[in-house]
Amino acid sequence: MSLIESIFLPKKEKNEFTFERYLKDLENDIFREKMCLGICEQNGGTYLLKQFSIEPNALYVGAMGSGKSVAACFSLVTWMLSNSDQTILFIIDAVKGANDYRALFKFQDTNHVYPVLSSEVGIHRVIDLIYDEAMARRELFNSVKAESIHAYEKATGKKIS
């Protein structure tokens, strides 16, 4: 590192990701109501966290075999370990039969994860269920002019389950 780089780019203390740190962070509830979209290796193993109730979107892009399913599974397992009490998860994978998401089926016993693998009827039922729920929530949100679950719960004092 040159003198100029050391002045303008001071060396940061490394805080590398370890499985033990991850387990400790789970215990300390740092993932509560946050979706962990990944771990930034170049930034000392920090987590990329988003408040999923405010920003309910994630996109995993890459070539076949690049780890999209692994990254999505990591995000979903982390979410379920921290937030399964407020989550219902439907697994739809008509191509591979959800083999990449086997770890999530351990939550099936808690009635929070439902496999809807490749059945056309099952997939249509899930789409209808999600649509009905979205329309019901739209009515609830419109009744108090709320733009999100958080805003609705704050305005009404009621939790959406």
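Residues numbered from 1 in each chain as written. Predicted model: local features only at pLDDT ≥ 70, side-chain atom pairs only at ≥ 80, totals over all residues. Heavy atoms only, no water.

### Quick notes on the packing of aromatic side chains
(1) Moving on: Taken as a whole and judged by the stated rule, the model has six aromatic pairs.
(2) Moving on: Ring centres of Tyr22 and Phe74 lie 5.5 Å apart, and the angle between their planes is 40°; on these two criteria the pair is classed as tilted. Separated by 52 residues along the polypeptide, Tyr22 in helix H2 (residues 19-27) and Phe74 in helix H3 (residues 68-83) bring together distant segments of the chain.
(3) Moving on: Given the relative accessible area of 6%, Tyr22 is considered buried. (Phe/Tyr/Trp six-rings, centres within 6.5 Å; stacked < 30°, edge-to-face > 60°. Helix = DSSP H or I, 4+ residues; strand = E, 2+ residues; numbered from the N terminus. Buried < 20%, exposed > 50% of the residue type's maximum accessible area, 1.4 Å probe, protein only.)

### Brief notes about the environment of Ser148
(1) Moving on: With respect to the helices and strands, the residue Ser148 is situated in the loop between helix H4 (120-143) and helix H5 (149-156).
(2) Moving on: The contacts of Ser148, once residues within four sequence positions are left out, are Ser53 and Phe141.
(3) Moving on: One polar contact links the side chain of Ser148 to the main-chain amide nitrogen of Ala151, over a distance of 3.1 Å. (Contact = heavy atoms within 4.5 Å. Polar contact = N/O pair within 3.5 Å; in protein donor to acceptor, adjacent residues only side chain to side chain.)

### Here's the deal with unusual backbone geometry
(1) Moving on: In this structure, Asp29 takes a positive phi of about 60° despite not being glycine.
(2) Moving on: Relative to the helices and strands, Asp29 is located in the loop between H2 and strand S1 (35-40).
(3) Moving on: One non-glycine residue, Glu33, lies in the positive phi region at around 60°.
(4) Moving on: Summarising the element assignment, Glu33 is placed in the loop between H2 and S1.

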